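Descriptive analysis of the structure
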Amino acid sequence: MKKKIALLGSTGSIGTQTLEVIDEFSDDFQVSLLSGHKNGELLKKQAIKYNPAVVVVTDQETFINVEKDLSGLDIKVLYGEEDLLNSLSTIEMDLVVGGISGAAGIKPILKALELGIDVALANKETIVVAGDLVRKLQSKYGSQLIPVDSEHSAIFQCLDPQRTALDKIILTASGGPFRNLPIDDLKNVTPERALKHPNWEMGKKITIDSATLMNKGLEVIEAHFLFDVGYEDIQVVIHPQSIIHSMVQYGDGSILAQLGLPDMRIPIQYALTYPIRMHNSFEKLDLTKVPSLEFFSPDTDKFPCLKLAYEAGRTGYTMPAVLNAANEVAVDLFLKGKLLFTEIANLVQWVLEQHIPLKEYNLEELLAVDSWAREVSRQYKYQR
Ligand code: NDP
Ligand code: MG
């Protein structure tokens, strides 16, 4: 029996690489649902190639176009978030891949968990914003979250299930394109330069987050919730080669690490085939060709977003949701040339300072906090 995959965000970087993994194992997987937003052309091509039962388009104009062009095929084309949520309960699926970017990815993942469907999680916003709710749903409905984020996949692979003498988690970070740039030059950085990541090809939002180290900050919160580890036991280490994807340190002095080429198809494949491991034809890491592996402490004066994320994580409750929303707005403004690179952290800090965290909340209240934070973020008096 083929494993049925519902691929949310199939037109993105994670989505297209998930389909490459599915191509590699076409006898083992079948696509039952594809979802896209604005890239109708690619979504149509994917629908024709993979023939899913359902295609969901969340952007209205794109939907009209995609529906018209797929009308002769035996594929249901649906529009909007509501239909996306409904189709999770009506279409047969064994695994949901959460590859939508940003807060738009949250509701479908929570819905899948509530339906008892396992989720391969790329959308880190879900766990940063709604970590407490995710945990509750998992324990109530028994659904499993398998990390796709390369660092968390590495930890998932190195973590002793008994957690015997677990000491700490060591999250590696490439340091981004501005690791060696003098702090005074950071304010002049353009979106074009920030979008050139040294090791990974990713969507725009996460690439900017990698340059500010907010991505690592979000990943610290992600690790806290996924692995139930305190913030004092999560260490970030800059490792510019991105060969070691993260590590687990044990109390006997051992460190276990997962190594590989910086290729997202590896953690995606592991999440799809888990709990088994399978051979693939992708290029493999040859350690004799790696010149050196370096490790440094992060500079949080230069990259304050990492510090802000630790603080928001430690405060907990609705604070990480505010961090995430303010950062999404800040990154968007930076990409539009309306905010300096160095102002991203200032904007996020300014919004965090205005928030009094709620101690009890449901999803709707959490999403209201998210909207509030976006609203406040847009009032930030930026310089440019
Ligand atoms: P991309 O920007 O490449 O893709 C985003 C996907 O989400 C696209 O399919 C896009 O559709 C869809 N989408 C965008 N906005 C909406 C919306 N409002 N409603 C519904 N769908 C929407 O992002 P990535 O693939 O890089 O990242 C996806 C997630 O995975 C993010 O949460 C990111 O943090 C995480 N991640 C990504 C990694 C990577 O290597 N790329 C690594 C680790 C985690 P369309 O293109 O059709 O508009
Ligand atoms: Mg990562």
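Our subject is the structure that appears above.
First, a word on scope: everything that follows refers to the structure included in this document. This structure is a prediction, so every number in the text was calculated from the model and none was measured.

What counts, and where the lines are drawn
- Residues numbered from 1 in each chain as written.
- Chains lettered and ligands numbered in written order.
- Predicted model: local features only at pLDDT ≥ 70, side-chain atom pairs only at ≥ 80, totals over all residues.
- Heavy atoms only, no water.
- Donors = N, O, S within 2.8 Å, 3.2 Å for Na, K, Ca; no water.
- Helix = DSSP H or I, 4+ residues; strand = E, 2+ residues; numbered from the N terminus.
- Buried < 20%, exposed > 50% of the residue type's maximum accessible area, 1.4 Å probe, protein only.
- Phe/Tyr/Trp six-rings, centres within 6.5 Å; stacked < 30°, edge-to-face > 60°.
- Lys NZ or Arg CZ within 6 Å of the ring centre and 35° of its normal.
- Contact = heavy atoms within 4.5 Å.
- Polar contact = N/O pair within 3.5 Å; in protein donor to acceptor, adjacent residues only side chain to side chain.
- Axes fitted to C-alpha atoms, helices over the stretch in contact; angles between N-to-C directions.
- Left-handed = near helix turned anticlockwise from the far one by under 90°.
- Nonpolar A, V, L, I, M, F, W, Y, C, P; charged D, E, K, R; others polar.

1. Observations regarding the coordination of the magnesium ion (ligand 2)
Note on metal sites: the ideal angle is 109.5 degrees for four tetrahedral donors, and 90 or 180 degrees for six octahedral donors. Each protein donor to the magnesium ion (ligand 2) is listed here as Asp 149 (OD), Glu 151 (OE) and Glu 219 (OE); together their distances run 2.1 to 2.2 Å. Coordination of the magnesium ion (ligand 2) draws on donor residues from a single chain, spaced D-x1-E-x67-E in sequence. Taken together, the residues Asp 149 in the loop between strand 7 (145-147) and helix 7 (150-158) and Glu 219 in helix 10 (residues 214-227) connect sequence positions 70 residues apart. Asp 149 sits in the buried class, given a relative accessible area of 7%.

2. Notes on the side chain of His 224
Turning to its location among the elements, His 224 is positioned in helix 10. Taking the relative accessible area as the measure of exposure, His 224 reaches 17% and is therefore buried.

3. Overview of the packing of aromatic side chains
Centre distance and the angle of the planes are the two values used to describe a pair of aromatic rings. Inspection of every chain in the model, using the stated rule, returns eight aromatic pairs. A connected cluster of aromatic rings, assembled from ring pairs, spans Phe 156, Tyr 270 and Tyr 274. Looking at Arg 265, its charged tip hangs above the ring of Phe 282, at a distance of 3.9 Å from the centre.

4. Some remarks on the environment of Asp 23
In this structure, Asp 23 sits in helix 1 (residues 13-24). A relative accessible area of 35% means that Asp 23 is categorised as partly exposed. With 27 residues separating them in the primary sequence, Asp 23 and Tyr 50 have C-alpha atoms 9.6 Å apart. Asp 23 has contacts with Lys 49 and Tyr 50, leaving out every residue within four places of it along the chain. Of note is the side chain of Asp 23, whose polar atom sits 2.7 Å from the side chain of Tyr 50.

5. What to know about the packing of helix 1 against helix 11 (residues 265-273)
Contact geometry of helix 1 with helix 11 gives a least axis separation of 9 Å together with a crossing angle of 65°. The chirality of how helix 1 crosses helix 11 is right-handed. Residue-level contacts link Ile 14, Gln 17, Thr 18, Glu 20, Val 21 and Ile 22 of helix 1 to Arg 265, Ile 268, Gln 269 and Leu 272 of helix 11. Taken together, the residues that form the contact of helix 1 with helix 11 break down as five nonpolar, three polar and two charged.

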